[in-house]
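Observations on the three-dimensional arrangement
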Amino acid sequence: MLAAYAERYRTNLESVISFWLNHSLDREYGGQFTCLDRDGTVYDTKKYMWMQGRAVWMFSRLYNEFERRQEFLDAATLICRFMRRYGRDPQGRVYFSLTREGEPYFYQRKPYAAVFYMLGLLEYARATGDASCFDEAVEIFWKIDAWIRNPVLLDRPVLIGNPPVSNLANVMVLASMAIELARVSDDPRYLQIIRDAMDGVLRHYDPQRRILVEHVALDGRDLRAWPEGRLFNPGHAIEVAWFLLHMLEFVPGEQHRQLALDALEGSLEYGWDREYGGLYYFMDIEGKPTLQLESTMKLWWPHTEAIYALVLAYTSTGEERWLRWLERVDEYAFRTFVDPVYGEWFGYCDRRGEPVLSSKGGNYKGFFHVPRALLFSVQRIEGAPLAQHRP
């Protein structure tokens, strides 16, 4: 059964790779275009930094662990050089977007562009042995850790009416970076950050619904009077569940393992649209209106996260419930998002599953979620070991 999924994902992965290799690389100025229409036509020439970092990571990971094709390394090099040359401001922070030529365009007071800048550098260092990329990745990791702990460093003032909150996205990104660093470094601090992230996930767990909510107050107060305190993002919760399973490779623990599996199943059950199929983008856990107007839309990335999470859960446990869910999610995703004409996946569909945008990429969708899920799923099914390399 799983062999058929592996073949399907490998075939689709090759199609997705071809789409981005053929249409996204800016061979004149460097970097990558991510705003691509259905046929790969560029509709915005700006370079979005977190998309650049994600592409460097993805092409480098393909080179390191899928197949050592020169075109993968060449693409990673083209984007990485542009990213390193233009991506950071004089204070070491990472811009959100640049012009095609590399001039600063927009600065976002969040750490997420830097997260993928860092991950791209780290994976590229594995591919090339470039110690300067590895050193810069480590340097910016600790900056990100400081920025998350103290957002004033990103020019985000702490306001008296805004209580200290744990944001699930911050827990997730710190974990994602620490996992990658722990694979290639003996520094014990990364294991401690993984332990902290695992405990951080516990704060977000709603045992009644078996889901992970997006925001919880660090001082224990009830945030449910505000929409932020009632917000559930099924895709995030599912992604964190498989991150947690990855973290268990470094810090085993039955409590966290069970939490990951419970949160995965609960998020699928709670977040699945029983009328039209697919995962909602956002939900209010008390059934109240969300502030996000796109809440009932069906986006590509929660479904790619669910596919890999289910492959991981099934191969880890052998329990048939995960295979049944995989069949449901896989059928919906490939029927709804995959473009049989031009390749790649549509990103944004309405509740009924009809595309509302023709684009294949933008400032939030790039060469990352789809190929990562497909690659990880193939590797997990086929039992491919993770490569290890220390620059």
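Preceding this section is the structure that the text describes.
Bear in mind that the values here come from a model prediction, so they are computed numbers and not experimental data.

Glancing now at the packing of aromatic side chains. For the coordinates displayed, the defined rule picks out 31 aromatic pairs. Both rings, one in Trp20 and one in Phe367, keep their centres 6.1 Å apart while their planes meet at 45°; by these two values the pair is tilted. A residue pair is termed long-range when its members are at least 10 positions apart, and Trp20 in helix H1 (residues 2-23) and Phe367 in the loop between strand E13 (348-349) and helix H12 (369-382) qualify at 347 residues. Of the two residues examined, Trp20 and Phe367, each falls in the buried class. Aromatic ring contacts, followed pair by pair, group Tyr48, Trp50, Trp57, Phe96, Phe106, Phe116, Trp242, Phe243, Tyr308, Tyr364, Phe368 and Phe376 into a single cluster. Over the ring of Phe33 we find Lys47, and its NZ or CZ is 5.3 Å from the ring centre. If you follow Arg328 out to its NZ or CZ, it ends over the ring of Trp325, 4.3 Å from the centre.

Let's shift gears to the layout of surface pockets. Of the voids in this model, the second largest pocket is the one considered here, and its volume is about 280 Å³. What lines the second largest pocket is a set of 18 residues, among which Val213, Val216, Asp222, Arg224 and Gly229 lie closest to the centre. Mapped by element, the contributors of at least two residues to the lining of the second largest pocket are strand E7 (205-206) and strand E9 (215-217). The dominant element in the lining of the second largest pocket, judged by the number of residues it contributes, is E9, at three residues. Considered class by class, the residues forming the lining of the second largest pocket number seven nonpolar, five polar and six charged.

In this section: empty space enclosed by the protein. On inspection of all chains with the given rule, the structure shows two cavities of 30 Å³ or more. Roughly 30 Å³ of internal volume is contained in the second largest cavity. Taken together, Arg93, Val94, Tyr107, Gln108, Lys110, Pro111, Ala114, Trp147 and Leu154 make up the lining of the second largest cavity. Split into classes, the residues belonging to the lining of the second largest cavity amount to six nonpolar, one polar and two charged.

Rules used in this analysis
Residues numbered from 1 in each chain as written. Predicted model: local features only at pLDDT ≥ 70, side-chain atom pairs only at ≥ 80, totals over all residues. Heavy atoms only, no water. Phe/Tyr/Trp six-rings, centres within 6.5 Å; stacked < 30°, edge-to-face > 60°. Helix = DSSP H or I, 4+ residues; strand = E, 2+ residues; numbered from the N terminus. Buried < 20%, exposed > 50% of the residue type's maximum accessible area, 1.4 Å probe, protein only. Lys NZ or Arg CZ within 6 Å of the ring centre and 35° of its normal. 1 Å grid on protein atoms, 1.4 Å probe; cavity = no way out; pocket = protein on both sides within 12 Å on 5 of 7 lines; lining within 4 Å. Points joined across faces, edges and corners; volume = space filled by probe spheres on them. Nonpolar A, V, L, I, M, F, W, Y, C, P; charged D, E, K, R; others polar.

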